[in-house]
Structure formats: structure tokens, C-alpha cells
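Next come the chains, spelled out residue by residue.
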Amino acid sequence: MFLQDAVIIENRESGDKKYYLLRVKVEKGLQESKPGQFFMLQCKDGSRVLRRPISLHYADRESGVLEFYYEVVGKGTKEFTLLNKGETINVQGPLGHGFDTEVEGKNVLVIGGGMGIAPLKYLIEELKGKNNLTFIAGGRDSGALNIVNNINLKGFEVLETTDDGTRGRKGNTVELMKEILNEKNIDIIYTCGPHGMMKAVAKVAAANGIRCQVSLEERMACGTGACMGCSIETINGMRKVCKDGPVFESLEVSSCNE
Ligand SMILES: Cc1cc2nc3c(=O)[nH]c(=O)nc-3n(C[C@H](O)[C@H](O)[C@H](O)COP(=O)(O)OP(=O)(O)OC[C@H]3O[C@@H](n4cnc5c(N)ncnc54)[C@H](O)[C@@H]3O)c2cc1C
Ligand code: FES
């Protein structure tokens, strides 16, 4: 884990003013990074003491270019929209425990909902060459799926769904997941998105005896395991999402199995 000033290469709106793609150059930390890990991004405004956790959207280990994709929800993320090319932002990471990418020759299903799609670009890049991959992306509306335009979708099946039907099929990811499970013998499922969606995915996975990894989101203060702020209940006792996760086996997480 490193603390460093990252130089901003690009910080642009992604289709509308709610979603931004931030690309920065870092000197250290990407070689050992894994999909599912995150960075804590510092706000320049001193009144916002706590860093904001943002997932690695993509990491180019060769060039040191790191991508984040974020939704503007409050003052911290609003401040990030004001960052210009050439300026710096202090970043801490990579943090946490990412997805298991030591998987080869398997039928893998990746399911993302809303901003939970953010960490899946890097995951897909790691998995797609060596596995038969299916990707389901869901969101409220077409704007929520702009993020999919940043992902290279060649070489695997992609299914999209929105609540209002403005992009892909009208419906939800869990309906599509059930259809895929009827068609393919899926070996492992990876999911990130709203908790209700992940819980439903985890239940279907468990009912079908399929291994499932979930990437959880909790409010975080330190992001490094020092404050207990992000503790969750698991079958192995309390665990910290920032340090033991954010990626867990779904069978381990109590709230995915209630
Ligand atoms: C491991 C991890 C990875 C994340 N990755 C991404 C990402 O890739 N892209 C992205 O856009 N967001 C991501 N988030 C969520 C992001 O950290 C919050 O949206 C951000 O911290 C909000 O900061 P703010 O100052 O703009 O909003 P605040 O003013 O702090 O809060 C505004 C609203 O957002 C809600 N909120 C704030 N933090 C969280 C949180 N951690 N979880 C759920 N709701 C929250 C608050 O309850 C409030 O309603 C991630 C969170 C975690 C824990
Ligand atoms: S945020 Fe402090 S322990 Fe996880």
C-alpha cells in the first residue's frame, strides 16, 4: 500500500454530469494491484478530512495509469469533478482484498449493478482471455450504463438491462442471471452492485451450488483496518470490509444469506 501524489491525465464527464472517468499516473503500487481493490482519494478541502474510497476501474501495470470511475453523490465526489489535467491528487492504495483471478478454463459470470460495475472492467480484462466469460450489466437507466462504454466488450457475451428499458432489456440483472444459468454451466460468479442485488445473486448461486464472490460497499473512515468503522458479520465472526474485503465469498457474509 502506497501513499502518493498522482498526476491527473484526464477527468471527464461520462455521458452526463453525474458520472466521471478519472485517469491518473502513479509511480508505485500497480504491479501488485488486483481487481476489486480500491484506493482512498484525498479531498483538497481540509474540511473533508476523510478520504473517499474508490475502486480501481482499471490499472495498466506497464504505464502506471490508473482509472477510476465515480458518481457524483456528495461534496467529496463533487470536488473531484473540479480536478484538471496536470494537477495532482493524493491517493492511498491499492487497499483491500480483491477478486480471485487465479481462475482458468472456466465458465465465469460477471454481474454488475450501477456503480458496482466500476471494479469489473479490470476484473473482465484479467479473466476474459483465459475463461469463457459472460457479463451482465444492469442500471437504473441508460446513463447508469455509460460506464460499460469504457469496457472492451470483444470476445465474450454481454447482456444489458435497465429498470426503465432505456438501454438493453427492461428488467433486472437477476432475471438475466437465471436465464444464463439455464443455458450455461457456470462455474463461478463475480458480482458487485447494490446490496439487494448481490444478496439475490448470492442466493441463486447458493441454490445452484455455484461459487460466488461479492464485492461489498460500506461507509469507510480509515480504509486500512484501523478504526473498525466498516465491520460486518460473517460466519467467521466480525470482518472489516476495507481490510478483509471488499471481496468476500458470498457464503461467508451473513447479510447475503439471511
Ligand atoms: C470499497 C469501496 C469502493 C467504492 N468504489 C466506488 C467507485 O468506484 N465509484 C464510486 O462512484 N463510488 C465508489 N464508492 C462509494 C464512494 O466511496 C462514495 O460515493 C463517496 O465516498 C461519497 O463521498 P461524497 O463526499 O461525494 O459523499 P458524502 O457527502 O460523504 O455522502 C453523500 C451520500 O453518499 C452516501 N455514501 C457515502 N459514502 C458511501 C459509501 N461508502 N457507501 C455507500 N454510500 C455512501 C452517503 O450516505 C450520502 O447519502 C466505493 C465505496 C467503497 C466502500
Ligand atoms: S474503514 Fe476503518 S477499519 Fe475499515
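To keep things clear, this report deals only with the structure shown in the data block. Numbering of residues starts from 1 in every chain and runs along the sequence as written. Think of it this way: whatever chain is written first is A, whatever ligand is written first is 1, and the rest follow in order. It should be noted that, the model being predicted, local features are given only for residues of pLDDT at least 70 and side-chain atom pairs only at 80 or more, the latter also being counted only at that level, while totals for whole chains, interfaces and linings use all residues. The side-chain figures draw on all heavy atoms in the structure; neither hydrogens nor water molecules are used.

### Things to note about the pattern of salt bridges
Piece 1. By convention in these notes, a salt bridge is any Lys or Arg side-chain nitrogen within 4 Å of a carboxyl oxygen on Asp or Glu. Within this structure, the stated rule accounts for 16 salt bridges.
Piece 2. Among the salt bridges present, the one from R12 reaches E10, with a minimum N-O distance of 2.8 Å.
Piece 3. Taking relative accessible area as the criterion, R12 reaches 34% and is therefore assigned partly exposed.
Piece 4. With a 1.4 Å probe rolled over the protein chains alone, any residue whose accessible area is under 20% of its type maximum counts as buried; one over 50% counts as exposed, and the rest are partly exposed. The exposure class assigned to E10 is partly exposed, which follows from its relative accessible area of 23%.
Piece 5. Note that E125 is salt-bridged to K128, the shortest N-O span being 3.2 Å.
Piece 6. Residue K128 is classed as buried on the basis of its relative accessible area of 17%.
Piece 7. Counted as one network, the salt bridges with shared partners bring together E10, R12, R23, E67 and K121.

### Points about the site of ligand 1
Piece 1. Whether a residue is near a molecule or strand is decided by its heavy atoms; if any one of them lies within 4 Å of it, the residue is near. Taken together, 19 residues sit near ligand 1, with P53, E71, G76, T77 and E217 positioned nearest.
Piece 2. A distance of 2.9 Å is found between a nitrogen atom of ligand 1 and a side-chain nitrogen or oxygen belonging to S55.
Piece 3. In DSSP terms, a helix is any run of H or I states spanning at least four residues, a strand is any run of E spanning at least two, and both are numbered starting from the N terminus. Only strand 4 (52-55), strand 6 (65-71) and helix 1 (75-80) provide two or more residues apiece to the shell around ligand 1.
Piece 4. Sorting elements by how many residues they give to the shell around ligand 1 places strand 4 first, with 4 residues.
Piece 5. In the scheme used here, Gly and all other residues not listed as nonpolar or charged are polar, with Ala, Val, Leu, Ile, Met, Phe, Trp, Tyr, Cys and Pro taken as nonpolar and Asp, Glu, Lys and Arg as charged. For the shell around ligand 1, the class distribution of residues is 9 nonpolar, 4 polar and 6 charged. Under the rule applied, a polar contact is a pair of N or O atoms within 3.5 Å (in protein, one hydrogen donor and one hydrogen acceptor; residues adjacent in sequence only if both atoms are side-chain atoms).

### Quick look at the nonpolar core
Piece 1. As used in this record, nonpolar core signifies buried Ala, Val, Leu, Ile, Met, Phe, Trp, Tyr and Cys residues forming a set joined through side-chain atoms within 4.5 Å. If you look at the biggest cluster of nonpolar residues, it comprises 31 residues, and the most contacted ones within it are L109, I111, M177, I189, V201, V214 and L216.
Piece 2. Of all the elements in the fold, those that place two or more residues in this core are strand 3 (38-41), strand 8 (107-113), helix 3 (173-183), helix 4 (195-207) and strand 13 (211-215).
Piece 3. Of all the elements, helix 4 adds the most residues to this core, at 6 residues.
Piece 4. Two residues qualify as a contact provided that any one of their heavy atoms is within 4.5 Å of a heavy atom in the partner residue. In this structure M177 touches L109, I111, I136, I189, V201, V204 and A205, once residues within four positions along its chain are discounted.
Piece 5. In this structure, F99, I117, I151 and C192 belong to the second largest nonpolar core, which totals 26 residues.

### A look at helix 3
Piece 1. Taken as a whole, helix 3 has its buried residues at T173, V174, L176, M177, I180 and L181. When helix 3 is viewed along its axis, its buried side chains cluster within an angular range of 155° and face the same direction. When the buried face of helix 3 is taken as reference, the exposed residues oriented beyond 90 degrees from it are N182 and E183.
Piece 2. Buried residues along helix 3 sit against strand 8, strand 9 (132-139), strand 10 (157-162), strand 11 (169-170), strand 12 (188-192) and helix 4.
Piece 3. The N-terminus of helix 3 is capped by N172, whose side-chain oxygen sits 2.9 Å from the backbone nitrogen of V174. Of all possible arcs, the one meant is that of the directions from the helix axis to the C-beta atoms.

### Some details on unusual backbone geometry
Piece 1. Along the chain, G93 connects to P94 via a cis peptide bond; the corresponding omega equals 0°.
Piece 2. Along the polypeptide, P94 turns up in strand 7 (residues 88-95).
Piece 3. Looking along the chain, the bond that leaves G245 and enters P246 is cis, with omega of 10°.
Piece 4. Note that P246 resides in the loop between strand 15 (237-240) and strand 16 (247-249).

### Overview of the packing of aromatic side chains
Piece 1. Each pair of aromatic rings taken from Phe, Tyr and Trp, with Trp reduced to its six-membered ring, is defined by centres within 6.5 Å and is described as stacked if the planes are under 30 degrees apart, edge-to-face if over 60, and tilted in the remaining cases. The final tally for this structure, using the stated rule, is 6 aromatic pairs.
Piece 2. Ring geometry for F39 against F68: centres 5.8 Å apart, planes inclined by 75°, an arrangement best described as edge-to-face. Residue F39 is located in strand 3, and its partner F68 is located in strand 6; the two are separated by 29 residues in the primary sequence.
Piece 3. Of the residues examined, F39 reaches a relative accessible area of 0% and is grouped as buried.
Piece 4. Relative accessible area serves as the criterion here: at 0%, F68 is assigned to the buried category.
Piece 5. Geometrically, the ring pair formed by Y58 and Y122 is edge-to-face, given 5.7 Å between the ring centres and 85° between the ring planes. Taken together, the residues span a long stretch of sequence, with Y58 in strand 5 (residues 58-60) and Y122 in helix 2 (residues 120-127) at a distance of 64 residues.
Piece 6. Taking the relative accessible area as the measure of exposure, Y58 reaches 22% and is therefore partly exposed.
Piece 7. Each member of the aromatic cluster is reached from another via a ring pair, and the members are Y20, Y70 and F80.

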